[in-house]
Amino acid sequence: MRKTVALFLSGCVISMTAASAALAGANITVDAGSGEILSQEDAFQRWYPASLTKLMTVYVVFRMIESGQVTLDTPIKITALSAKQPPSKMGYKVGSELTLDNALKIMMVKSANDVAMAVGETLGGSSDKFAVLMNAEAKRLGMTGSHFVNPNGLHSDDHYTTARDLAILTLQLRREFPQYAHYFDIEAIDYGGKKLQPNLNALIGRFQGADGMKTGFVCPSGYNLIGSATRNGRTIITVVLGELKLTTRATKAAELLAKGFETHGSGTTIDTLQPYGAPTRDVAVNMRPSVCSKEASGSDTWDGKDLEGHIVQGSPYMKRMEHEPAVEKVALLPAKINSLGMELSRVPVPMPRPDRSSLTDASEALKAVN
């Protein structure tokens, strides 16, 4: 009995400690050139990445391009599963297609969950199979605290990472694929006439030298942001996890980047950093009570105007965007038309009419299950 109580109390302590860590957040700032760590806080704490996941999705895509399996012109099809993904999303119809190039732009700027799922299903064969590729790459890169179950970052208790692992991924993206750096600092996309979507990364165009990378939000993760900036040939990256507000993830990242440019590393690199924080580091924190209560509700969506003043006013390191965002256009591929002039994606699929015996068998099977 005493042992049971002790184990219960121990579990409570771990959960309470993890919750406290959540309120403090986790972060790490690294010199991209040397790999030296400039600052860190709970870098090995398990966290839900939310849409920061899409950086791993993009990394897998880049590897597939380099191996010749796909090209930037490869058509990405919106599947039934991808169309059902919750916002942020584009809302494309099932059967619609777009190029992989446009899919990458949409994922990085709007963080569309439906498009990310479509990329995973199209290139991996299924979401689950694509997750296998993500985990294989994570293992190869030494991301020892990460596990992925989908390509878009929608919440699952089994979908997690750490600030340290995300820094490794970000550094590898920059080092291995400099030719694709333009995907990470697009200021806005135009997806139909005047439908402009500013980049959800508020550092872009507001922090001197900002050139990437990605935002993320679900209630259990809090507000996450990976930012990068280059000044005088020196690139700094920072990973910020678990902020309580959309605005503070940007101001926190700006502060860490600015201080990073004023700091020289102590010699400890991302590769030599030893794990710390046991035993609570392996318990994923959950920010939902702190972030998504009635008093503190929010989302990862903003129009680039209503919050800009608050972000700039809240940070000495950021300034208001003084120009119209540079816009890149994205669009679906032309719909495929059959001989009757109907879009192929809208033609109903004929279903055979079941006979009475098959209905009886199905009814009996259902009774057995229940």
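Our structure is the block above this text.
Residues numbered from 1 in each chain as written. Predicted model: local features only at pLDDT ≥ 70, side-chain atom pairs only at ≥ 80, totals over all residues. Heavy atoms only, no water.

S.K.: Lay out the packing of helix 5 (residues 113–124) against helix 6 (residues 127–141) with the relevant residues and their values.
M.R.: The geometry of helix 5 relative to helix 6 is characterised by a closest axis approach of 7 Å and an angle of 85 degrees between their N-to-C directions. The orientation of helix 5 with respect to helix 6, classified from their angle, is roughly perpendicular. Counting all contacts with helix 5, which are made through Met117, Gly120, Glu121, Leu123 and Gly124, the residues of helix 6 involved are Ser127, Lys129 and Phe130. Class assignment of the residues belonging to the contact of helix 5 with helix 6 gives a composition of 3 nonpolar, 3 polar and 2 charged. (Axes fitted to C-alpha atoms, helices over the stretch in contact; angles between N-to-C directions. Helix = DSSP H or I, 4+ residues; strand = E, 2+ residues; numbered from the N terminus. Parallel < 35°, antiparallel > 145°, perpendicular 65-115°, else oblique. Contact = heavy atoms within 4.5 Å. Nonpolar A, V, L, I, M, F, W, Y, C, P; charged D, E, K, R; others polar.)

S.K.: Describe in detail the sheet that holds strand 5 (residues 188–190), supporting the description with residues and values.
M.R.: Reading across the sheet, the 3 strands line up as 6-5-10 and stay open at both edges, with mixed pairing between neighbours. Sheet topology places strand 6 (196–198) and strand 10 (327–329) at the edges, where each strand pairs with a single neighbour. Strand after strand, the sheet turns through a mean of 25 degrees between neighbouring axes, direction not considered. In this sheet, strand 10 lies alongside strand 5 in parallel orientation, the contact comprising 3 bridges. Note on strand 10: the bridge partner recorded for Asp190 is Lys329. Helix 4 (residues 100–109) contacts strand 5, strand 6 and strand 10 of the sheet and is inclined by roughly 130 degrees relative to strand 5. (Pairing = 2+ DSSP bridges.)

S.K.: Tell me what's going on with the environment of Gln179, and back it up with residues and numbers.
M.R.: If you trace the backbone, Gln179 turns up in the loop between helix 7 (163–176) and strand 5. The partly exposed category is assigned to Gln179, whose relative accessible area is 39%. (Buried < 20%, exposed > 50% of the residue type's maximum accessible area, 1.4 Å probe, protein only.)

S.K.: I'd like to hear about the nonpolar core, residue by residue, with values.
M.R.: Judged by nonpolar contacts, the single largest core of 71 residues is most densely connected at Ile28 and Phe62. At 9 residues, helix 2 (residues 53–66) tops the list of elements feeding residues into this core. Look past the residues within four positions of Ile28 in its chain and what remains in contact with it is Ile37, Ser39, Gln40, Ala43, Ala163, Arg164, Ala167, Ile237, Thr238, Val239, Ile270 and Leu273. Listed in part, the 19 residues of the second largest apolar core include Leu38, Leu203, Phe207 and Ile311. (Core = buried A, V, L, I, M, F, W, Y, C linked by side-chain atoms within 4.5 Å.)

S.K.: Could you give an account of the state of the cysteines, with specific residues and numbers?
M.R.: Scanning the model with the defined rule gives 1 disulfide in all. Note on cysteine connectivity: Cys219 is disulfide-linked to Cys292, with sulfurs 1.9 Å apart. What sets the handedness of the Cys219 and Cys292 disulfide is the S-S torsion sign, and at about -90 degrees it is left-handed. Here Cys292 lies in the loop between helix 9 (288–291) and helix 10 (308–313) and Cys219 lies in the loop between strand 7 (210–218) and strand 8 (222–231), a separation of 73 residues in the sequence. Among the residues examined, Cys219 registers a relative accessible area of 16% and is labelled buried. (Disulfide = S-S within 2.5 Å.)

S.K.: Break down the pattern of salt bridges for me, citing the residues and quoting the values.
M.R.: Summed over the entire model, instances satisfying the criterion amount to 9 salt bridges. Of the charged contacts, one joins Asp101 and Lys105 as a salt bridge, the two residues approaching to 3.4 Å between their closest N and O atoms. You can see Asp101 and its partner Lys105 sitting in helix 4, 4 residues apart, about one turn around the helix. By relative accessible area, Asp101 is classed as buried at 19%. On the accessibility criterion, Lys105 (11% relative accessible area) is buried. Residue Arg164 is joined to Asp165 by a salt bridge in which the shortest nitrogen-to-oxygen separation is 2.9 Å. A residue is classified by how much of its surface remains accessible, and Arg164, at 10% relative accessible area, is buried. Taken together, the shared-partner salt bridges connect Arg63, Glu137, Arg140 and Glu176 into one network. (Salt bridge = Lys/Arg side-chain N within 4 Å of Asp/Glu carboxyl O.)

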